[in-house]
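Take a look at the letters that make up each chain.
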Amino acid sequence: MNKKTQFILVSCWILATRFYDAYSTYQFTPALDKEANPLVSVLGLGWTPLLAIISILTLIIIYAYYLVTFKSFDLTPKVRGYSLKEFISFTYFGTKENFVQIFYKIPKGRKRLLFYVGNLFPSMLSFAGLVSTLMWLGINYYEPYYNFHKAQYIYILLIVSCLFIIYNWYKKMYNKYLESNE
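Notes on the structure follow.

Conventions used here
- Residues numbered from 1 in each chain as written.
- Predicted model: local features only at pLDDT ≥ 70, side-chain atom pairs only at ≥ 80, totals over all residues.
- Heavy atoms only, no water.
- Helix = DSSP H or I, 4+ residues; strand = E, 2+ residues; numbered from the N terminus.
- Expected span 1.5 Å × (residues − 1).
- Buried < 20%, exposed > 50% of the residue type's maximum accessible area, 1.4 Å probe, protein only.
- Polar contact = N/O pair within 3.5 Å; in protein donor to acceptor, adjacent residues only side chain to side chain.
- Contact = heavy atoms within 4.5 Å.
- Phe/Tyr/Trp six-rings, centres within 6.5 Å; stacked < 30°, edge-to-face > 60°.

## Considerations on helix 1 (residues 3-28)
The end-to-end C-alpha separation of helix 1 is 37 Å, in line with the 38 Å expected for 26 residues at 1.5 Å each. Along helix 1, the positions that sit buried rather than exposed are Phe7, Val10, Ser11, Ile14, Thr17, Arg18, Asp21, Ser24 and Thr25. Where helix 1 starts, the residue carrying a side-chain oxygen 3.1 Å from the main-chain nitrogen of Lys4 turns out to be Asn2.

Set out below in structure tokens:
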């Protein structure tokens with residue numbers, strides 16, 4: 001599949017699943033009193049700020065995906081001999097930094113951040129779209145699922161899956177890095 005077709009299909013999937021999730025949420029809990037999203041359950045946001053935040057973040061991710069698909073920016077180090085931790089840190093920050101900082105700091109360069117997001121977040125958002133779509137289909141059309149459904153299960157599945165996506169991306173990138181330095 002060519003890059004343009006893949007970009008269009010992935011972007012449409014992300015938009016369609018985000019729309020379906022919002023639509024289904026509204027059908028299920030118009031007042032958001034049963035919504036598990038932390039933006040609502042913890043921060044107490046209503047529909048307008050919730051949809052604004054989700055829309056803006058989704059569009060930023062699609063834009064970042066566009067950059068990764070059609071532009072060029074190498075996130076990897078040119079220097080040989082980086083350990084996996086150093087490689088991950090460099091890929092994220094663009095310099096050798098303390099590995100632990102990736103958990104609480106963001107890269108300084110906007111371009112690096114966008115390319116980082118564009119490499120990882122479309123896959124994670126596509127998977128989250130699959131999970132939320134299947135969840136809503138189960139809730140709406142398969143009664144045994146509704147009795148089994150717990151928000152904690154969905155969040156655990158999403159977190160573990162996203163960590164798996166991140167791990168696989170880094171593993172693939174690090175292997176390419178090692179091969180290019182031989």
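Having seen it, we continue.
## Quick notes on the side chain of Thr17
With respect to the secondary-structure elements, Thr17 resides in helix 1. The buried category is assigned to Thr17, whose relative accessible area is 2%. Sequence-distant contacts of Thr17, defined by excluding residues within four places in its chain, comprise Gly129, Ser132 and Thr133.

## Considering the packing of aromatic side chains
This model, assessed by the stated rule, comprises 22 aromatic pairs. Consider the rings of Phe7 and Phe70, whose centres lie 5.5 Å apart with planes at 70°: the pair is edge-to-face. Within this pair, whereas Phe7 is found in helix 1, its partner Phe70 is found in helix 3 (residues 47-70), the two being separated by 63 residues in sequence. Relative accessible area serves as the criterion here: at 14%, Phe7 is assigned to the buried category. Phe70 sits in the partly exposed class, given a relative accessible area of 33%. Taking 5.1 Å as the distance between ring centres and 50° as the angle between the ring planes, the aromatic pair formed by Tyr66 and Phe70 counts as tilted. Taken together, the residues Tyr66 and Phe70, both in helix 3 and four residues apart, mark about one turn of the helix.

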